[in-house]
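Close look at the chain arrangement
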Amino acid sequence: MIKESYALVMSPNSNPLKGLPKMVRFQLMTTLAFMWSFIFTMWIGSMQFFGPSAVVHTLVLIGVFFTAEIFKKARN
């Protein structure tokens, strides 16, 4: 169940952004990552964590999209 829920949100082949061009998907996912980073830092009450959280979210997104692209190219 956790894997399916994760794929529903994070997988570029199954989330609602799947019909958009790859670059637009990446930009929107990055924007969402920054938004959630901000929400979680406000939730814990400390803006000093927003910068590191935003950087880490961006790095994770870059890694996910890069890995997905490599896997896609390897499949073809």
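This report concerns the structure included in the present document. Throughout, a residue's number is its position along its own chain's written sequence, starting from 1. Whole-chain, interface and lining totals are the exception, using all residues; otherwise, since this is a predicted model, local features are given only for residues with pLDDT of at least 70 and side-chain atom pairs are given and counted only at 80 or more. The basis for every side-chain value is the complete set of heavy atoms in the structure, and neither hydrogens nor water enter the calculation.

1. Notes on the overall build of the protein chain
To qualify as a helix, a DSSP run of H or I must reach at least 4 residues; to qualify as a strand, a run of E must reach at least 2; elements of each kind are numbered from the N terminus. Regarding its fold elements, the protein chain presents 3 helices and 0 strands. Ordered by position in the sequence, the α and β elements of the protein chain form the string α-α-α. Taken along the three principal axes of its C-alpha coordinates, the protein chain extends 45 × 25 × 20 Å. For every residue, the accessible area (1.4 Å probe, protein chains only) is compared with the maximum for its type, and the residue is labelled buried under 20%, exposed over 50%, or partly exposed between those bounds. Looking at the protein chain residue by residue over its 76 residues, the buried ones come to 21%. In this analysis, two residues are considered to be in contact whenever any of their non-hydrogen atoms come within 4.5 Å of each other. Excluding contacts between residues fewer than 6 apart, the proportion of contacts in the protein chain whose partners are at least 24 apart in sequence is 36%. The Shrake-Rupley method, run with a 1.4 Å probe, gives the accessible areas here. Residue values count only the displayed protein chains as cover. Element-wise, carbon and sulfur atoms account for 75% of the exposed surface of the protein chain, whose accessible area totals about 5,900 Å².

2. Thoughts on the side chain of Thr58
Checked against the element boundaries, Thr58 lands in helix α3 (residues 50-75). With relative accessibility at 18%, the residue Thr58 sits in the buried group. Within the local environment of Thr58, its side chain forms a polar contact with the backbone oxygen of Ala54, the two atoms lying 2.9 Å apart. Pairing of N or O atoms within 3.5 Å defines a polar contact, subject to two protein rules: one partner must be a possible hydrogen donor and the other a possible acceptor, and residues neighboring in sequence count only if both atoms are side-chain atoms.

3. Focus: the packing of aromatic side chains
Here a Phe, Tyr or Trp ring, Trp counted by its six-membered ring, pairs with any other such ring whose centre lies within 6.5 Å, and the pair is stacked when the planes are under 30 degrees apart, edge-to-face when over 60, and tilted otherwise. This model, assessed by the stated rule, comprises 1 aromatic pair. Both rings, one in Phe26 and one in Phe65, keep their centres 5.4 Å apart while their planes meet at 90°; by these two values the pair is edge-to-face. On the criterion of sequence distance, the pair formed by Phe26 in helix α2 (residues 22-44) and Phe65 in helix α3 is long-range, its members being 39 residues apart. Assessed through its relative accessible area of 17%, Phe65 is described here as buried.

4. A look at the environment of Ile62
You can see Ile62 is positioned in helix α3. C-alpha separation for the pair Ile62 and Phe38, spaced 24 residues apart in sequence, amounts to 19 Å.

5. Remarks on the nonpolar core
By convention a nonpolar core is built from buried Ala, Val, Leu, Ile, Met, Phe, Trp, Tyr and Cys residues, the set being connected through side-chain atoms within 4.5 Å. Counting 6 residues, the largest nonpolar core consists of Met10, Leu17, Met29, Ala33, Leu61 and Phe65. Elements that contribute at least two residues to this core include exactly α2 and α3. Other than its neighbours up to four places away in sequence, Leu61 contacts Met10, Phe26, Met29, Thr30 and Ala33.

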